[in-house]
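# Fold and geometry: a report
These are the residues of each chain, in order.
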Amino acid sequence: MRLSFRKKIAALAFTCVSAALTLPLMSFSAHAAELKIGLFADISSLDPHFNNIAPNISLSSHFFDALVNVDANGQLIPGLATSWRAIDPFTWEFKLRPGVKFSDGTALTAEDVVFSIDRPAKLTNSPGPFTSYTKQIISKQIVDADTIRFKTATPYGPLALDLSTIFIVSKKAALSATTEDFNSGKALIGTGPFKFGSFARGDRIELLRNDLYWGSKPEWDKVTFRILTSDSARVAALLAGEVDAIESVPPADVPSLKANPKFQLQRKTSWRTLFWTMDQARDTSPDITGKDGKPLAKNPLKDIRVRQAISKAINRQALSDRTLEGLAIPASNIVAPGILGYADNLKVEKYDPVAAKKLLADAGYPNGFNLTLHGPNNRYINDERVVQTVAQFLSRIGIQTKVETFPLSVYFGKARAGEFSVALLGWGTLAADFGLRTLVGTINPETGWGSWNWGKYTNPKVDQLVQLSLGSVNPEQRQIYAKQAEVMALQDYAVIPLYHQYATWAVRKGIKYAPRTDEFTFAHQFHPG
């Protein structure tokens with residue numbers, strides 16, 4: 001039967017419209033074109049060994065792999081190593097995954113692994129070194145193409161956890177590369193699920209799917225991470241459809257987003273603990289004066305009674321319920337509940353301003369003193385409000401307190417340079433001995449201990465317990481030593497724990513994401529559906 005010309009055109013048009021209507025579903029199910037995610041914190045560098053801070057580590061996980069990876073619940077799983085074992089207390093053996101290629105098509109070798117583990121120690125200008133994770137290795141032996149052995153100077157149980165933080169780079173691409181070469185993409189050659197697209201500092205990072213990835217390929221051709229450090233801007237971008245998901249949902253927006261049928265919330269108790277670090281090394285501290293505005297003859301923070309008074313002055317429950325709007329729980333430990341070394345016998349400090357005033361008087365400060373608290377204003381949940389709230393608590397016991405906050409890009413540099421007397425820091429770790437080694441261990445560039453010990457706290461007995469914990473191959477014995485170290489450090493008020501925060505994501509309907517205890521946002525773990 002022959003159709004007229006007009007009917008042929010109509011039939012063809014119907015066919016084209018029908019095909020067009022089905023194309024998005026077909027395309028989405030195969031490979032969704034682009035995923036857009038709003039990030040809470042800025043990315044300071046794409047060099048995976050330059051600055052040991054969570055936003056950089058999270059992003060590096062898209063371009064690179066470590067020998068050992070961590071799952072959403074904080075458990076160690078195979079990465080570039082399929083297995084690992086302690087041959088003896090001083091020797092660990094790792095079996096490399098065969099057939100892995102870098103994004104430029106070159107094969108991963110044992111030489112690349114050795115080079116990557118050596119590289120952090122060579123970055124002498126690192127603002128947050130990774131050397132605490134590599135210093136314990138004194139020699140490396142390439143047994144064969146797929147086998148590497150690491151020797152440690154002393155028995156060392158948690159080497160696999162250490163190496164989950166060291167990303168493996170291409171020796172060929174990174175041998176003479178600077179950090180800026182990574183930021184430009186020139187040296188950014190990894191084995192991860194994505195490869196470099198572009199990097200506009202402070203604005204966005206674009207990633208492209210790495211079709212040579214050894215694992216399950218991402219379901220996105222392109223991923224755009226937008227830097228949206230303003231809470232209102234991040235939520236506005238989600239509501240306007242400019243991004244598909246955001247991390248660190250502002251507490252005030254949780255109820256409305258939860259009630260909105262276009263979105264779903266994913267939440268998990270975070271490994272991150274927020275606490276105060278205090279200058280305990282200098283005889284005079286930069287942000288402390290007498291009530292007359294003149295420098296004090298001695299630094300009051302060196303007195304344990306003053307540190308205890310500050311702790312007792314803080315109402316942690318009110319801080320969690322009101323300032324953080326229910327997105328945190330009061331803390332008594334440096335590590336979150338369930339983490340190795342968490343000490344159940346440490347209780348949350350009771351809010352007791354009367355006792356705090358007495359402690360100040362006993363220490364020789366019956367009228368208190370002047371203090372400036374410092375913190376970031378774009379890193380943690382309601383961080384600026386947290387600093388302001390604690391300032392009000394301290395003012396009630398006679399410590400006249402001012403507040404200064406900075407963007408993360410400025411804040412960390414100033415804090416590490418010792419410009420502050422009391423500074424807010426958040427830290428997440430999968431083991432207490434790791435956190436204690438880094439945060440309160442006596443500073444030692446040779447061993448990498450104390451690399452984030454802003455207050456320069458030192459206690460040889462704590463160091464000894466941490467060392468015993470780290471040196472325990474037996475998990476039960478390690479747990480005992482880690483708890484003892486945690487108790488001793490916090491009874492000494494090495495730092496003042498505040499709260500454990502929750503990690504919350506908002507995702508538009510039609511996309512799934514499994515929340516992570518480490519707070520990391522991994523694009524390859526978002527799935528259509």
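Cut-offs applied
Position numbers for residues count from 1 along each chain, tracking the sequence in the order it is written. Since the coordinates come from a predicted model, pLDDT governs what is reported: local features require at least 70, and pairs of side-chain atoms require 80 or more to be given and counted, while whole-chain, interface and lining totals use all residues. Think of the side-chain values as coming from all heavy atoms in the structure, minus any hydrogens and water. Using protein atoms alone on a 1 Å grid, points that fit a 1.4 Å probe yet trap it form a cavity, whereas open point sets bounded by protein on both sides within 12 Å along at least five of seven lines form a pocket; residues with an atom within 4 Å of a point count as lining. Grid points are joined across faces, edges and corners, and a volume is the space filled by probe spheres set on the points. Ten residue types, Ala, Val, Leu, Ile, Met, Phe, Trp, Tyr, Cys and Pro, are classed as nonpolar, four, Asp, Glu, Lys and Arg, as charged, and the remainder, Gly among them, as polar. For the purposes of this entry, the term helix denotes a DSSP run of H or I that reaches at least four residues, the term strand denotes a run of E that reaches at least two, and both are numbered from the N terminus. Summary of the burial criterion: residues with accessible area below 20% of their type's maximum are buried, those above 50% are exposed, and those between are partly exposed, where the area comes from a 1.4 Å probe applied to protein chains only. By definition, two strands form a pair when at least two bridges between them are found by DSSP. The pLDDT value tells you how sure the predictor is about a given residue, anywhere from 0 up to 100. Between two residues, a contact is recorded if the distance between any of their heavy atoms is within 4.5 Å. Here the axes come from fitting lines to C-alpha atoms, over the contacting stretch only for helices, and the angles between their N-to-C directions go from 0 to 180 degrees. Angles are sorted into four bins: roughly parallel if under 35 degrees, roughly antiparallel if over 145, roughly perpendicular if 65 to 115, and oblique for all others. The sense of a crossing depends on the near helix, which, turned anticlockwise from the far helix by less than a right angle, makes the crossing left-handed and, turned clockwise, makes it right-handed.

## Points about empty space enclosed by the protein
For the structure on display, the rule yields three cavities of 30 Å³ or more. Lining the largest cavity are 25 residues, with Phe40, Glu247, Arg379, Glu519 and Thr521 sitting closest to its centre. The residue inventory of the lining of the largest cavity, partitioned by class, reads 14 nonpolar, six polar and five charged. A volume near 50 Å³ is recorded for the second largest cavity. If you trace the second largest cavity, you find it lined by Thr277, Met278, Asp279, Ala415, Phe420, Ser421, Val422, Ala423, Trp454 and Gly455. If you list the elements that add at least two residues to the lining of the second largest cavity, you get strand S12 (263-278) and strand S17 (422-428).

## Focus: the pairing of S17
Buried residues dominate S17, accounting for seven of its seven residues. Side-chain alternation along S17 places Val422, Leu424, Gly426 and Gly428 on one buried face and Ala423, Leu425 and Trp427 on a second face that is also buried. As paired elements, S12 and S17 share seven bridges and run antiparallel to each other. The partner of Arg272 across the bridge, within S17, is Gly428. Pairing of strand S15 (residues 370-376) with S17 involves two bridges; the strand directions are parallel. By the bridge assignment for S17, His374 is matched with Ala423.

## Some words on the confidence of the model for the protein
Caution applies to low-pLDDT parts of the model: their predicted coordinates are not meant to be read in detail. In this model, the protein carries a mean pLDDT of 92, and residues with pLDDT of at least 70 account for 94%. pLDDT under 50 marks residues 1-31. Its contacts with residues more than four places away, or in other chains, come to 10 contacts.

## Some points on the packing of helix H14 (residues 432-439) against helix H16 (residues 475-491)
Between H14 and H16, whose axes approach to 9 Å, the crossing angle comes to 40°. Taken together, the axes of H14 and H16 lie oblique to each other. By crossing handedness, the relation of H14 to H16 is classed as left-handed. Contacts from Ala432, Asp433, Phe434 and Leu436 in H14 reach Arg478, Ala482, Ala485, Glu486 and Ala489 in H16. Taken together, the residues that form the contact of H14 with H16 break down as six nonpolar, no polar and three charged.

## Here we look at the sheet that holds strand S6 (residues 137-144)
Spatial strand order, S4-S5-S7-S6: four strands in an open sheet with antiparallel pairing. The sheet terminates laterally at strand S4 (81-88) and S6, the two strands that pair on one side only. Neighbour-to-neighbour, the strand axes of the sheet open up by a mean angle of 20°, direction not taken into account. Note: strand S5 (residues 91-96) against strand S7 (residues 147-152), five bridges, orientation antiparallel. Across the sheet, the residue bridging to Phe94 is Ile148, located in S7. Where helix H3 (residues 110-118) meets the sheet, it contacts S5, S6 and S7, and its direction lies at approximately 175° from that of S6.

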